[in-house]
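So the chains spell out like this:
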Amino acid sequence: MQKWQIELYSTPLWLLRTFGGVATALIIIVLAVGFTCFGRQFRQVLAPCLDRKSSLRIVLFISLMVLLLLTEVRLNVLGTFMTNGLYTSMQKADVNALWMFAGLNAAMVLLRAFNGAVNDFFDQALSIKWSERLNKVLVTRWLADKNYYRLQTHRHTPDNIDQRIQQDAQEFIANTIEFVRGMLNSAITSIGFGVVLWGLAGVLNIFGIEIPHGIVYFVFIFVILATVIAMWIGHPLIGYNYENEKLNGDYRYSLVRVRDHAESIAFYHGESVEHTRLSQRFAMIVRNRWRIARQSVGLSGFNEMFSQGIQLLPIILQAPRVLSGQIQIGDVQQTVQSFARLQKALSFFRLFYDKFTAYRARLERLSDFLTSMDAPEAATEAEHGRAESSLQLENIRLLRPNGNTLLDNINLSLKKGESILLKGPSGCGKTSLLRMLAGLWTFGSQGKITAPDMAQTLFVPQRPYVPQGTLREAVCYPHIETDDATLRQTLQECSLGHLAEHLDSDKDWQHILSPGELQRVAFARILLAKPQMILLDEATAALDEPTEAHLYRLIRERLPDSIMVSIGHRNTLTQFHQRSMDVLGGCPS
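Source: prediction; values computed, not measured.

Reading the values: the criteria
- Residues numbered from 1 in each chain as written.
- Predicted model: local features only at pLDDT ≥ 70, side-chain atom pairs only at ≥ 80, totals over all residues.
- Heavy atoms only, no water.
- Helix = DSSP H or I, 4+ residues; strand = E, 2+ residues; numbered from the N terminus.
- Expected span 1.5 Å × (residues − 1).
- Bend = angle between axes of the 7 residues up to and from the residue.
- Salt bridge = Lys/Arg side-chain N within 4 Å of Asp/Glu carboxyl O.
- Buried < 20%, exposed > 50% of the residue type's maximum accessible area, 1.4 Å probe, protein only.
- Pairing = 2+ DSSP bridges.
- Axes fitted to C-alpha atoms, helices over the stretch in contact; angles between N-to-C directions.
- Contact = heavy atoms within 4.5 Å.
- Core = buried A, V, L, I, M, F, W, Y, C linked by side-chain atoms within 4.5 Å.

Draft legend 1. Quick look at helix α7 (residues 161-200). Taking 1.5 Å of rise per residue, 40 residues should cover 58 Å, and α7 covers 55 Å from first to last C-alpha, within 8% of that figure. Its maximal kink placed at D168, α7 deviates by approximately 35°.

Structure representation (structure tokens):
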């Protein structure tokens, strides 16, 4: 049998043996890389996406992808033998052999195209499934235990969290699949075409020294040296790309702030200031991109010079053997193909290194984000107890972020239906005390709190939040259940009757409603939710005094048993509370 027939018939056995070897090598590599910083970060991002139920399916899925990759490499190897036969049959003027090899080459092209399409489908399927799981992990952890709030209030907060969840995660997955597939393809192709080139290579004579199969050693040594040099040139790109992600995220956030606060900026005529700030942030992006460009030009220039300069070598090195009649033109063509495939496979990491620097930056950003949520800063908390119809504060002490005392020796006792107004200059800790009652003070507290369950406590900030969606969903946020008639009646009672016809309209209500309307929506939520304890932080600051009085009376009439703690600076609020307390402990001296 001829060489191409031997290779063709041995393909099933080759696939089986190589699959076993690749599986064993992958296990060893994964275990070895797991001890590196890169491996630990990768495991931190990957592990939460895996569970016992799906692990078997994932292993089978990856095994099939590896098998398809092996098939692709094998088809490429067989293709070189078919091309060899095609050129040799032309040189020998063998018409029958020419058409046979032409047909075999066409079959190889079709098989490679089909295999490539299936490979691409599995890549996309894996990317989608992984994206779904990773997004679920990141969003779930971000929203769990109020991490989204805790991270925002602490100093060392990961920047641009939205970018990390959406963009960094998606590109990390795409780059991981590309990188793993490329490295596997590189290793398998190097072995497969290394064997082919070994059989084609003769003796290489360098300065009188004869080296059997020297062309194979030549390509391995040169490519490995080139890869080391490329890594040295491109190493600074890791830091530059990390900074690029951060700067672009900051710039997008600045643009969003202008959109979200458009009315305030327009009232202040602050366009020139905003333009200056946006220009400054974009200038930082441009400066960093020039650093990336200069480093990338050096890396890509070196890679291009090496790739172009090495292309003629196989022909030059095999020319003496052709001229002496040792090999045919088909052998030279197969040598060129095998050499090119081998050189490309060995050069994968060198050529991918530019992308790898950005990939490492994204991995670090995702790892940092997960770490920030996995390891919350320890802070002492006041002792908590539960009581359905009373609020007791005993010797409460609140700590500042730096550990100093903000408020101290706060004592308070409220029974069912009682209310209190917290007064005092701005910045003295009134809102901080309410945050502690709502379970949102993360910097430390001492003492004892006895209060209704958090599920029966409603905190109303000065600017209430409404989610994306319909007005009905906005008023009933987060999970208030009520019938349509009650909802419409409540809106009417809160001077929002003009909005009743828009209950099922899906709009950006956070920006459409005025500050006064937003505060009235918050009072509608109080009436619908019927909480045992209501915490109001200047909840009527945007309302006129008659409307304020109407809403407070409405709360007292409809929810006579609810405990109410308010913060306010208006003297008109005193009449709606049975007691008042001056909070002065946190005021700056």
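Draft legend 2. Just the pattern of salt bridges, in detail. With the rule as written, the count across this model stands at 14 salt bridges. One salt bridge connects E245 with R362, and the closest N-O pair in it is separated by 3.5 Å. With a gap of 117 residues between them, E245 in helix α9 (residues 237-260) and R362 in helix α14 (residues 348-374) connect regions that are remote in the sequence. Given a relative accessible area of 6%, E245 falls into the buried group. The buried category is assigned to R362, whose relative accessible area is 10%. For R472, the salt bridge identified is with D484, shortest N-O distance 2.9 Å. One end of the pair, R472, is in helix α16 (residues 471-475); the other, D484, is in helix α17 (residues 484-493), with 12 residues separating them in the sequence. Assessed through its relative accessible area of 23%, R472 is described here as partly exposed. Looking at D484, the relative accessible area reads 32%, which means it is partly exposed.

Draft legend 3. Local environment of the pairing of strand β12 (residues 563-567). Among the 5 residues that make up β12, 5 are buried, leaving the element largely enclosed by the rest of the structure. Both faces of β12 are covered, namely the face carrying I563, V565 and I567 and the face carrying M564 and S566. Relative to β12, strand β6 (residues 419-423) runs parallel, the two being bridged by 4 bridges. By the bridge assignment, I420 is partnered in β12 with V565.

Draft legend 4. Broad picture of the sheet that holds β6. Pairing in this open sheet of 5 strands is parallel, and the strands run β8-β11-β12-β6-β13 from one edge to the other. Of all strands in the sheet, those with a lone pairing partner are β8 (457-460) and β13 (579-582), marking the two edges. The sheet shows a mean angle of 15° between the axes of neighbouring strands, taken without regard to direction. With 4 bridges connecting them, β6 and β13 associate as parallel partners. Bridge assignment links L421 to a residue of β13, and that residue is S580. The sheet contacts of helix α15 (residues 430-437) involve β6, β8, β11 (533-537), β12 and β13, and relative to β11 the element is tilted by about 150°. Lying over the sheet, helix α19 (residues 515-529) contacts β8 and β11, oriented at roughly 175° with respect to β8.

Draft legend 5. Broad picture of the environment of F356. Within the secondary structure layout, F356 lies in helix α14. Given the relative accessible area of 11%, F356 is considered buried. Sequence-wise, F356 and E501 are 145 residues apart; in three dimensions their C-alpha atoms are separated by 54 Å. F356 has contacts with F38, F179 and F349, leaving out every residue within four places of it along the chain.

Draft legend 6. Spotlight on the nonpolar core. The biggest cluster of nonpolar side chains holds 68 residues, and the ones touching the most others in it are L134, L138, F172 and F356. Considering each element in turn, this core owes the most residues, 13 residues, to α7. Discounting chain neighbours no more than four positions away, the residues touching F172 are F42, V45, W130, L134, Y359, R362, L363 and L366. Core analysis: the next-biggest nonpolar cluster, separate from the first, contains 37 residues, I480, L496, W509 and L527 among them.

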